[in-house]
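What follows is each chain in one-letter form.
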Amino acid sequence: MPRLADNGLPGVGRQLHLYDTGAGAVRPTEPGPTARMYVCGITPYDATHLGHAATYLGFDLINRVWRDSGHDVHYVQNVTDVDDPLLERAEQTGEDWRELAEREITLFRDDMTRLRILPPDQYVGAVEAIPLIVEMIEELHAKGAAYELDGDVYFPVSADPDFGRVSRLTHAEMLPLFAERGGDPDRRGKKDPLDALLWMAQRPGEPGWDSPLGRGRPGWHVECSAISIDRLGMSFDVEGGGSDLAFPHHEMGAAHAQVATGERPHARAYVHAGMVALEGEKMSKSRGNLVFVSRLLAEGTDPMAIRLALLAHHYRSDWEWTSADLEAANARLTRWREAVGLAAGPAAAQLLAGVRRQLAWDLDAPAALAAVDQWAERAVAGDAADVHAPGHVRSVVDALLGVAL
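Here, residues in each chain are numbered from 1, in the same order as that chain's written sequence. Confidence filtering applies because this is a predicted model: local features only for residues at pLDDT of at least 70, side-chain atom pairs given and counted only at 80 or more, and all residues used for totals across whole chains, interfaces and linings. Note that the side-chain values use all heavy atoms of the structure and ignore hydrogens as well as water.

All right, on to the overall build of the chain then. Think of it this way: any DSSP run of H or I at least four residues long counts as a helix, any run of E at least two long counts as a strand, and we number them from the N terminus. Tallying secondary structure elements over the chain gives 13 helices and 14 strands in all. Considered along the principal axes of its C-alpha atoms, the chain spans approximately 75 × 50 × 35 Å. Between buried and exposed lies partly exposed: a residue is buried under 20% and exposed over 50% of the maximum accessible area for its type, with that area taken using a 1.4 Å probe on protein chains only. Burial statistics for the chain: of 405 residues in total, 56% are counted as buried. Two residues qualify as a contact provided that any one of their heavy atoms is within 4.5 Å of a heavy atom in the partner residue. Relative to all contacts within the chain whose residues are 6 or more apart in sequence, the contacts with residues 24 or more apart total 78%. Accessible area of the chain: about 16700 Å², with a carbon and sulfur share of 49%. Only four residue types enter the tally: Lys and Arg on the positive side, Asp and Glu on the negative side, with His and both chain ends excluded. Where a charge lies is defined by one atom per residue type: Lys uses NZ, Arg uses CZ, Asp uses CG and Glu uses CD. Considering the chain, the positive charge centre built from 39 side chains and the negative charge centre built from 60 side chains are found 4 Å apart. Surface accessibility in these figures is a Shrake-Rupley result with a 1.4 Å probe; residues are shielded only by whichever protein chains are displayed.

In structure tokens form, the structure reads like this:
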């Protein structure tokens, strides 16, 4: 049974329900005393953009709602600190790839701290996890679920009878996405175009590590499989990331883990955040249409305004960032701070219940913000029924929405 929440709010929050991509429906989460969550982290070759921030803010809300309902939370996030995009950027700039990764990891964590994203209990880099990854690949080899191709090692998707259940896509639907999102469906010699790379033999000029598989480096998907199982075990409560990770990343990761361990499911629910666009295109490093958190902060933007601008959109929605988002967030922040600075305001018990209810049903942050707006309007209009209410509302907004007023 979960324990009482320790966030300073009265009572205990509601059971969290989330949209599970694999089920195609909103379902209750049913963690034990400790809720277990794995969220796929960054490839550290450029600064944190608002698409990153929106994704990690969504999982921050999960963390906060679970804690409010009395659970401890074991939260793990990886860092893909060796991968093609990182190596390509380092070559373009002439910087050592390790120094580039270290600098961008530090910047990412600083950005998350200023946005008041609760940090994971463990950040785990791909490089430090290489022994775990090699061990998993050897397990797959032993079960006939790995094969070699010109020194590289591949996973045959036919090895997992449940392949396709995470993304709910057909083989034909997967093929173009696999090509678009880092796969190599056209490589000759593969048993199936969708088979995923587990271990890449060292290429000239690229880093490599000695292993029983030969000198090389790990594939992307198996990295998260190995780290999540090592830190959380199988059947943890939520695996998450952006919606572009449902396939191939989470589909492949689940298959690797389930075949290697003989257990299933890898995760009980797969939760995905929507994409943030700018000028009609998904915000991404490859397109270069980015709004950087660090740049907004350097320009003097209040980090709580950035957080409120992101919270104004449901975590699963695809939306486009405009200057109007930040203008509305600044106005909201000013109004809320004015309201909680008053000597008294409307009673806060109903607000607390409403925010808990909205967040517990698939993280409806926009509805929660609207509830606080209504309270603030009444307070500013002169409803001064409770001298303790402004302080209580400040605590609710802090603990559940992560906004410091």
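Next up on the list: the environment of Pro218. Within the element layout of this structure, Pro218 appears in strand 9 (residues 216-218). A sequence separation of 10 residues divides Pro218 from Gly208, and the C-alpha atoms of the two residues are 9.1 Å apart. Excluding residues that lie within four positions of it along the chain, Pro218 makes contacts with Ile130, Ile133, Leu198 and Trp199.

Turning next to the environment of Leu149. Following the sequence through the fold, Leu149 ends up in strand 6 (residues 147-149). Among the residues examined, Leu149 registers a relative accessible area of 11% and is labelled buried. Taking C-alpha positions, Leu149 is 38 Å from Asp121, a pair spaced 28 residues apart along the chain. Not counting the four nearest positions on each side in its chain, Leu149 is found in contact with Tyr154, Arg187, Arg188, Gly189 and Lys190.

As a further point, take the packing of helix 4 (residues 130-142) against helix 6 (residues 220-232). For every element, the axis is a line fit to its C-alpha atoms; helices are fit only across the contacting stretch, and the angle between N-to-C directions ranges from 0 to 180 degrees. It is the contact of helix 4 with helix 6, at a shortest axis distance of 9 Å, that shows an interaxial angle of 100°. The orientation of helix 4 relative to helix 6 falls into the category roughly perpendicular. Together, Leu132, Ile133, Met136 and Ile137 of helix 4 and Val222, Glu223, Ser225, Ala226, Ile229 and Asp230 of helix 6 make up the contact between the two elements. Small angles under 35 degrees read as roughly parallel and large ones over 145 as roughly antiparallel, with 65 to 115 read as roughly perpendicular and the rest as oblique.

Let's shift gears to the sheet that holds strand 3 (residues 34-39). Spatial strand order, 5-4-3-10-11: five strands in an open sheet with parallel pairing. Taken across any chain shown, the strands that pair with only one partner, and hence form the sheet edges, are strand 5 (122-125) and strand 11 (270-273). Across the sheet, the mean angle from the axis of one strand to that of its neighbour is 25°, orientation sign disregarded. Pairing of strand 3 with strand 4 (residues 72-79) involves six bridges; the strand directions are parallel. Counterpart to Thr34 in the pairing with strand 4 is Asp72. The sheet contacts of helix 6 involve strand 3, strand 4 and strand 5, and relative to strand 4 the element is tilted by about 150°. Only when DSSP finds a minimum of two bridges between them are two strands counted as paired.

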